[in-house]
Amino acid sequence: RLPRDVSWTLAQRMAAERDAFGFYFSAHPVDASRHLLVAHKVKTFAEIAEMSVGEGERIGATMAGLAEDARWRTSAKGRRYMMATLSDSSGQFIATAFDEEATTALEAAAKTGQCGLLSVELDRRSGDDTPRVTIKRFQLLSDLAKRTRLQLTIRVGDVRASERVAGELALARGSNGLVRFLVPISSGGEAVIIVGRDFLLDGELAARIESICGDGSVDLSAQEPLKLALVG
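Definitions and cut-offs
Residues numbered from 1 in each chain as written. Predicted model: local features only at pLDDT ≥ 70, side-chain atom pairs only at ≥ 80, totals over all residues. Heavy atoms only, no water. pLDDT = per-residue confidence, 0-100. Helix = DSSP H or I, 4+ residues; strand = E, 2+ residues; numbered from the N terminus. Buried < 20%, exposed > 50% of the residue type's maximum accessible area, 1.4 Å probe, protein only. Pairing = 2+ DSSP bridges. Right-handed = clockwise from strand over helix to strand, strands pointing away. Expected span 1.5 Å × (residues − 1). Arc of directions from axis to C-beta. Contact = heavy atoms within 4.5 Å. Core = buried A, V, L, I, M, F, W, Y, C linked by side-chain atoms within 4.5 Å. Axes fitted to C-alpha atoms, helices over the stretch in contact; angles between N-to-C directions.

Asker: Sorry if this is basic, but what is going on with the confidence of the model for the protein here?
Answerer: Detailed reading of the predicted coordinates is not advisable wherever pLDDT is low. Predicted confidence across the protein gives a mean pLDDT of 86, with 85% of residues reaching 70 or more. Mean pLDDT values for the elements of the protein range from 64 in helix α1 (residues 10-21) up to 96 in strand β5 (residues 132-140).

Asker: Where do I start with the pairing of strand β6 (residues 150-155) in this structure?
Answerer: Two faces belong to every sheet, and in a regular strand the side chains alternate between them. Where burial is concerned, most of β6 is hidden: 5 out of the 6 residues are buried. Relative to strand β7 (residues 173-184), β6 runs parallel, the two being bridged by 5 bridges. In the strand pairing of β7, Thr153 is matched with Arg180. As for the winding sense of the linkage, the β-α-β connection from β6 through helix α6 (residues 159-170) to β7 is right-handed.

Asker: When you look at helix α4 (residues 100-112) in this model, what are you seeing that I'm missing?
Answerer: An α-helix turns once per 3.6 residues; consequently, residues spaced three or four apart project the same way. The end-to-end C-alpha distance of α4, which contains 13 residues, comes to 19 Å, matching closely the 18 Å that a straight helix rising 1.5 Å per residue would cover. Taken residue by residue, α4 has Ala102, Thr103, Leu106, Ala109 and Ala110 as its buried positions. Projection of α4 onto a plane perpendicular to its axis shows the buried side chains occupying an angular sector of 135 degrees, all on one side. Relative to its buried face, α4 has exposed residues pointing more than 90 degrees away, namely Glu100, Glu101, Lys111 and Thr112. The inward-facing, buried residues of α4 contact β1 (58-74), β2 (80-88), β3 (91-97) and β5.

Asker: Would you take a moment to explain the nonpolar core for this structure?
Answerer: Soluble globular proteins: nonpolar side chains tend toward being buried together. Counting residues in each nonpolar core, the largest one holds 27 residues, and the members touching the most others are Leu152, Ile154, Leu169, Val179, Leu201 and Ile209. Top contributing element to this core by residue count: helix α7 (residues 203-213), with 4 residues. Once residues within four sequence positions are removed from consideration, Val179 is found in contact with Leu152, Ile154, Leu169, Ile193, Ile194, Val195, Gly196, Phe199 and Leu201. Counting 25 residues, the second largest nonpolar core, distinct from the first, contains Ile48, Ala67, Leu106 and Ala109.

Asker: Is there a simple way to explain the sheet that holds strand β4 (residues 115-123) in this structure?
Answerer: Within a sheet, neighbouring strands are paired by backbone hydrogen bonds and run either parallel or antiparallel to one another. Spatial ordering of the closed barrel is given by β1-β2-β3-β5-β4, a layout of 5 strands whose pairing is mixed. Direction aside, neighbouring strands of the sheet carry axes that sit 55 degrees apart on average. One ladder, built from 2 bridges, connects β3 with β5; its direction is parallel. Paired with Ala97 across the bridge in β5 is Ile135.

Below you can see the structure in the form of structure tokens.
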């Protein structure tokens, strides 16, 4: 029996679910980076399957997926290519890759079960039910997160919650993430408090803070780039 007070991170919970049942209940691994997926306008495989791609037409798109398996194949013309099995929150899908950069990254990610951002090309042949997916570029979501400036907005309702949140944030210093509190004021509005700009932010931290403050109280997103204006 598990202890009643056991506390697992989202990643630990998902890993245990996969080991026990062969699939995920709580979330899919790519969901931990949903702030990056939104910023890059990522489409799920289910959305890709609904896209209208004419025969002979090629369309670019951005996806994200967990690399589950990658194997080399040889085409009828003798060209080597990689066939990869990936999955996202909408299900499992097959993709191919021909470019050396993409195949190298895919092969490495499949060995360790990592998630990546996929720049893909879609096409459809006669008789295909869904578009075929060819991966042109594969970037690890973990590497992408390190290069992306993030922001965390937390709606704090009471002092006790703010103290617990402060404890979590104290352990997350050392990067360039912006954290702000939204605090209710007596006039009925909210005060915006900038807590700092040097936090290491990720989906796990956001999930822990949301468990303290309540569902819907936390928003993790990519910071918009600064807009410079010319002064005449």
